[in-house]
Amino acid sequence: MADTRRALLHAARELFAERGYVATGTEDIVAAADVTRGALYHHFKDKADLFRAVMAECAQEMAERLVEQETARAELHPGDAWQLLRSGFQSFLDACNDAHFQRIVLIDGPAVLGHSAWDALVEEHGYILLAEVLAEAIREGNVEDLPVAPLTRMLAALISEASLYIARADDHVRAREEAGLVLERLLTGLGRGSALENSASAPGVS
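Please read all numbers here as calculations on a predicted model, not as lab measurements.

Novice: So what exactly am I meant to see when it comes to the overall build of the protein chain here?
Specialist: Check the secondary structure of the protein chain and you find 11 helices and 0 strands. Listing the helices and strands of the protein chain from first to last along the sequence gives α-α-α-α-α-α-α-α-α-α-α. Across the 206 residues of the protein chain, 46% fall into the buried class. Residue pairs at least 24 apart in sequence account for 72% of intrachain contacts in the protein chain once pairs closer than 6 positions are excluded. Looking at the protein chain as shown, the accessible area adds up to about 10,700 Å², and 55% of this sits on carbon and sulfur atoms. One finds the centroid of the 19 positive side-chain charges in the protein chain at a distance of 4 Å from the centroid of its 33 negative side-chain charges.

Novice: When you look at the confidence of the model for the protein chain in this model, what are you seeing that I'm missing?
Specialist: Atomic detail in the predicted coordinates should be set aside for any region of low pLDDT. Mean pLDDT over the protein chain: 87, with 93% of residues reaching 70 or higher. Below a pLDDT of 50 lies the segment residues 194-203, which in the model reaches 19 contacts outside its immediate sequence neighbourhood of four places, other chains included.

Novice: Please clarify how the packing of aromatic side chains should be interpreted in this entry.
Specialist: Two descriptors summarise a pair of aromatic rings, namely the distance from one centre to the other and the angle between the planes of the rings. For the structure on display, the rule yields 4 aromatic pairs. Ring centres 5.2 Å apart and planes at 75° place the aromatic pair Y21 and F51 in the edge-to-face group. Of this pair, Y21 sits in the loop between α1 (2-19) and α2 (26-33) while F51 sits in helix α4 (residues 47-76); the two residues are 30 residues apart in sequence, bridging distant segments of the chain. Linked through ring pairs, F16, Y21 and F51 together constitute an aromatic cluster. Cation over ring: K47 sits above Y21, and NZ or CZ is 4.1 Å from the ring centre. Just above the ring of Y127 sits the side chain of R153; from NZ or CZ to the centre is 4.2 Å.

About the criteria used
Residues numbered from 1 in each chain as written. Predicted model: local features only at pLDDT ≥ 70, side-chain atom pairs only at ≥ 80, totals over all residues. Heavy atoms only, no water. Helix = DSSP H or I, 4+ residues; strand = E, 2+ residues; numbered from the N terminus. Buried < 20%, exposed > 50% of the residue type's maximum accessible area, 1.4 Å probe, protein only. Contact = heavy atoms within 4.5 Å. Areas by Shrake-Rupley, 256 points an atom, 1.4 Å probe, with all protein chains shown as cover. Lys, Arg positive; Asp, Glu negative; His and termini not counted. Charge placed at Lys NZ, Arg CZ, Asp CG, Glu CD. pLDDT = per-residue confidence, 0-100. Phe/Tyr/Trp six-rings, centres within 6.5 Å; stacked < 30°, edge-to-face > 60°. Lys NZ or Arg CZ within 6 Å of the ring centre and 35° of its normal.

Shown next, in the form of structure tokens:
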């Protein structure tokens, strides 16, 4: 049963990323997974339920990949929490052009499941870590001493809008560059001391 569920998730993910949710039928999914229609409805109540599981899987994989990537970067190039966070933001914007993440999570996700589904993913994978790093940056003296809870929410909203801007643009590469530039400029307003002095050298921004 676990193998069947995995086959359905894999097949659905490939088809959703390639064709989009609307153009993918359940018959296409069961054929690609080489299972019966009954097997699909045993594991998922309908196509939307399957899509929700695929979206959650894509989001979790991207979150884990970014954490691993930024942890490795911090070990190779130690720095203060604020600089590392800004680098992480730019890495996330890069990830917004990943084909699966872009189509499934950023484009079809809110359209199919509503914005509440996207908000739930941000809360699950982003708020706690972001709040911890912001608190550390404030303790280090590189970010203005502001209330962490609303700062976390507002920054998360800013990053969310930047990601959606990239995903929905006609020119994804240009949109990524523009979003990164604007994001970094806005973030310099939060910093003080070394954070302001280093604003021009943030990774991913020309």
